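What the coordinates show
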Amino acid sequence: MTYTIKVLWEKKSHELFTDNKYSRAHYWFFDGGVEISASASPQVVPLPMADESAVDPEEAFVASLSSCHMLFFLSIAAANKFTVEKYEDFAEGIMSKNEDGKLAMTVINLKPEVTFSGEPIPTAEQISKFHKLAHDKCYIANSVRSVINIIGS
């Protein structure tokens, strides 16, 4: 399987570029027609060269891990005949130096809150097992060296 997106950045006519004061705002185009405004993180590149209203690569990285985990969790719950009404994750990524001394997203904390309905409702032990299975199956988690913690329900 191959996944492709288009990333587009263009220098603005008034920017010198070589002074390193150019806009980092750019766009991500996905195959389904979705276009997302992206930028360097304002924590990395100061305003106004970064666009704080846009998605930055660090946020997207954390979101992709959270989303992948959630999708596997939902499929596991459904396969076990449990009804999920709501899944909400307040995920966070922590940037620090890795073992090579390079800045990296070293820790991802997933903090899912899952609401079930109907009968039966899974036990805390079953929910924990579903999270472990989801983590083991998540393609994105299997692709990174970051420590991934699952905290919560």
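Residues numbered from 1 in each chain as written. Predicted model: local features only at pLDDT ≥ 70, side-chain atom pairs only at ≥ 80, totals over all residues. Heavy atoms only, no water.

Core analysis: the largest hydrophobic core is formed by 20 residues, its most contacted members being F73, I108, F116, F130 and I148. Only α1 (57-79), β6 (103-110), β7 (112-117) and α2 (124-137) provide two or more residues apiece to this core. Per-element accounting of this core gives the leading share, 7 residues, to α1. In contact with I148, not counting residues within four places along its chain, are L65, I108, L110, H135 and A141. (Core = buried A, V, L, I, M, F, W, Y, C linked by side-chain atoms within 4.5 Å. Buried < 20%, exposed > 50% of the residue type's maximum accessible area, 1.4 Å probe, protein only. Helix = DSSP H or I, 4+ residues; strand = E, 2+ residues; numbered from the N terminus. Contact = heavy atoms within 4.5 Å.)

Going through the model one piece at a time under the given rule, you end up with 4 salt bridges. We note a salt bridge from K86 to E88, for which the minimum N-O separation is 3.5 Å. K86 sits in the partly exposed class, given a relative accessible area of 46%. (Salt bridge = Lys/Arg side-chain N within 4 Å of Asp/Glu carboxyl O.)

In contact at an axis separation of 8 Å, α1 and α2 are set at 130 degrees when each is read in the N-to-C sense. In terms of orientation, α1 lies oblique with respect to α2. Like other packed secondary-structure pairs, α1 and α2 cross with a definite hand, here right-handed. Two secondary-structure elements touch here, α1 through H69, F72, F73, I76 and A77 and α2 through I127, F130, H131, L133, A134, H135 and K137. (Axes fitted to C-alpha atoms, helices over the stretch in contact; angles between N-to-C directions. Parallel < 35°, antiparallel > 145°, perpendicular 65-115°, else oblique. Left-handed = near helix turned anticlockwise from the far one by under 90°.)

Taken together, 3 strands build an open sheet; the order of strands is β1-β2-β3 and the sheet is antiparallel. Where the open sheet ends on each side, the last strands, each with one partner, are β1 (6-8) and β3 (35-38). Within this sheet the neighbouring strands show an average axis-to-axis angle of 20 degrees, counted without direction. (Pairing = 2+ DSSP bridges.)

Moving on: the side chain of N109. Note that N109 resides in strand β6. Under the relative-accessibility criterion, N109 is labelled buried at 8%. Within the structure, the side chain of N109 is placed 2.9 Å from the side chain of N149, a separation counted as a polar contact. In this structure, N109 is in contact with F90, A91, E92, I94, N149 and I151, ignoring residues within four places of it in sequence. (Polar contact = N/O pair within 3.5 Å; in protein donor to acceptor, adjacent residues only side chain to side chain.)

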